[in-house]
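Now for the letters of each chain:
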Amino acid sequence: DKREKKKGKKMGNPHILVIPYPAQGHIIPLMELSQNLAKHGFKVSFVNTEFNHKRVMDAFAKKVDADEVVQLVSIPDGMEDGESRNQLGKLTESICQVMPKELKKLIEKINRLEDGGITCILADVNMGWALEVAAELGIHGAAFWPASALLLALTFSLQKLMDDGLIDVNGTPIDKDKLIQLSPTTPSMHPKNFVWACLGDLSTQQVIFDYMRRNNKAAKEADWLICNSTRDLEPGTFSMAPEILPIGPVSASSQLGDISGSLWPEDATCLQWLDQRPPGSVIYVAFGSLTIFDQIQFQELALGLELSNRPFLWVVRPDTNEGKDDFYPQGFWNRVGTRGRMVGWAPQRVVLSHPSVACFLSHCGWNSTIEGASNGVPFLCWPYFADQFHNESYICDFWKVGLKFERDERGIITREEIKTKVEQLLGDNNFKGRALELKEMAMISVNEGGSSNQTFKNFTEWMKS
Ligand code: UDP
């Protein structure tokens, strides 16, 4: 047993160093887990890149202070201040080159100042190098996966996919149209949506693919491998890959703390707007932290919301429309009035638990998927890339709590299609009924006696032992 290996090393008062991959969908779930660990008496240092640390602090400028239970610390990612972190190949190379030595310096500093020092590194699988640092320093290492177990099982299958002739040594799919199913009880996946195959040009793909293989190795060698999912949501995947332990949905098991980890300031005024809307009436529209729209599609979405004739709360990040007001169809806000509400960034987990919300028009990022599922909210699925399509398949084909949009010959989701699917989803109570069953399953798993709760308990007891 891997966990027995370091038995000789007594842990003392546990101090966990948590390190997410530097992206919104990775920071939030690890922050939630960190707050939960802090509530259970652990000392937690949460390490963002300096770039994201500043954004988190700015977003919560008034609330964060030195006495917060989760200590926010930072190390450089090696990129220049003004450089775009969207250049994934460059960012990855910079992370690998700079962050391991910076992390070691940080740990040495903490260890000098504190009795016992850091006892465990809890790292995002996508920061596998941090687990290598843990092994090198003789510290315990736990790997956390912030997406579906299915996606992790897929990345663990890279060698098999190569052996079976389905991808080449660079990860490029051999037959781009051949659907791949890891087991008869898991969703089929389209090779063009493999995460490494849709992240830029060939050289970027190569960098990411090698990085993933390195991360996989580190995650497999870690003392723990925990995943922000639950057995009941992905039974096929968890039985196929028993080494992955469910600990989610972390958003359902932890009360939201002051620091949510958002990189944009949350506009909580939309909660009062929601209070004034009838129960089960509002379409909540949000596309996560990365999705960018072209103007044609953006306007079609606006017109679809107008046509649906229902209240809607729409997250339009400041970088979605380049901050331009003329991105909206002419006269849109005059016609819609207070029936619609736009925010730059919402307190999404609170919004999804609000009784006024009827459905979630979502890009199907895993966090959004599991947050909607654990709040009993039916979905309208608008995936953009990578695992968002696998998540859509879970939502529509497996859990049957949502509908997919069809695109027209231009590849556009039209206003009429939006209106039709809104009516279809909200006109059939079975969607809401199944969504509530899903919520109950998710809650059972994080409550006393549930499987995710058990993982959390075993994990914390191990850290204390
Ligand atoms: N989120 C939020 N406010 C918003 C939009 C998103 O707090 O207005 C949060 C959401 O709750 C989720 C995360 O941002 O935890 C987005 O992660 P997801 O995996 O859904 O998408 P990604 O941004 O990684 O594409």
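Located above this text is the structure these notes cover.
Note that this is a predicted model, so its numbers are computed, not measured. (Residues numbered from 1 in each chain as written. Predicted model: local features only at pLDDT ≥ 70, side-chain atom pairs only at ≥ 80, totals over all residues.)

> Describe unusual backbone geometry, and please don't skip the residues or the numbers.
The omega torsion across G248 and P249 is -5 degrees, close enough to zero to call that bond cis. Turning to its location among the elements, P249 is positioned in the loop between β7 (245–246) and α9 (250–253). The residue A386 is not glycine, and still its phi comes out positive at about 50 degrees. Along the chain, A386 turns up in the loop between β12 (379–381) and α15 (388–398). In this structure, K400 is a non-glycine residue whose phi angle is positive, near 55 degrees. Summarising the element assignment, K400 is placed in the loop between α15 and β13 (402–404). Among the residues examined, K400 registers 15 C-beta atoms within 10 Å and is labelled partly exposed. (Helix = DSSP H or I, 4+ residues; strand = E, 2+ residues; numbered from the N terminus. Buried ≥ 20, exposed ≤ 12 C-beta atoms within 10 Å, placed from the backbone.)

> Got a sec to walk through the environment of I418? Specific residues and values, please.
With respect to the helices, strands and loops of the structure, I418 is situated in helix α16 (residues 415–426). When the 25 C-beta atoms within 10 Å are taken as the criterion, I418 is described as buried. Expressed as a C-alpha distance, the spacing of I418 and L361, which sit 57 residues apart in the sequence, is 9.7 Å. In this structure, I418 is in contact with L301, G304, S308 and I413, ignoring residues within four places of it in sequence. (Contact = placed C-beta atoms within 7 Å.)

> Please provide a residue-by-residue account of the environment of G450, values included.
As for its placement among the helices and strands, G450 is situated in the loop between α17 (429–446) and α18 (451–464). With sequence-adjacent residues up to four places away left out, G450 is seen in contact with I444 and S445.

> Explain the packing of helix α11 (residues 295–308) against α16 residue by residue, including any values.
Close contact between α11 and α16 brings their axes to 8 Å; oriented N to C, the two are set at 40 degrees. For the element pair α11 / α16, the angle class is oblique. For the crossing formed where α11 meets α16, the hand is right-handed. Touching E300, L301, L303, G304, L307 and S308 of α11 are R415, I418, K419 and V422, all from α16. Tallied by class, the residues present in the contact of α11 with α16 amount to five nonpolar, two polar and three charged. (Axes fitted to C-alpha atoms, helices over the stretch in contact; angles between N-to-C directions. Parallel < 35°, antiparallel > 145°, perpendicular 65-115°, else oblique. Left-handed = near helix turned anticlockwise from the far one by under 90°. Nonpolar A, V, L, I, M, F, W, Y, C, P; charged D, E, K, R; others polar.)

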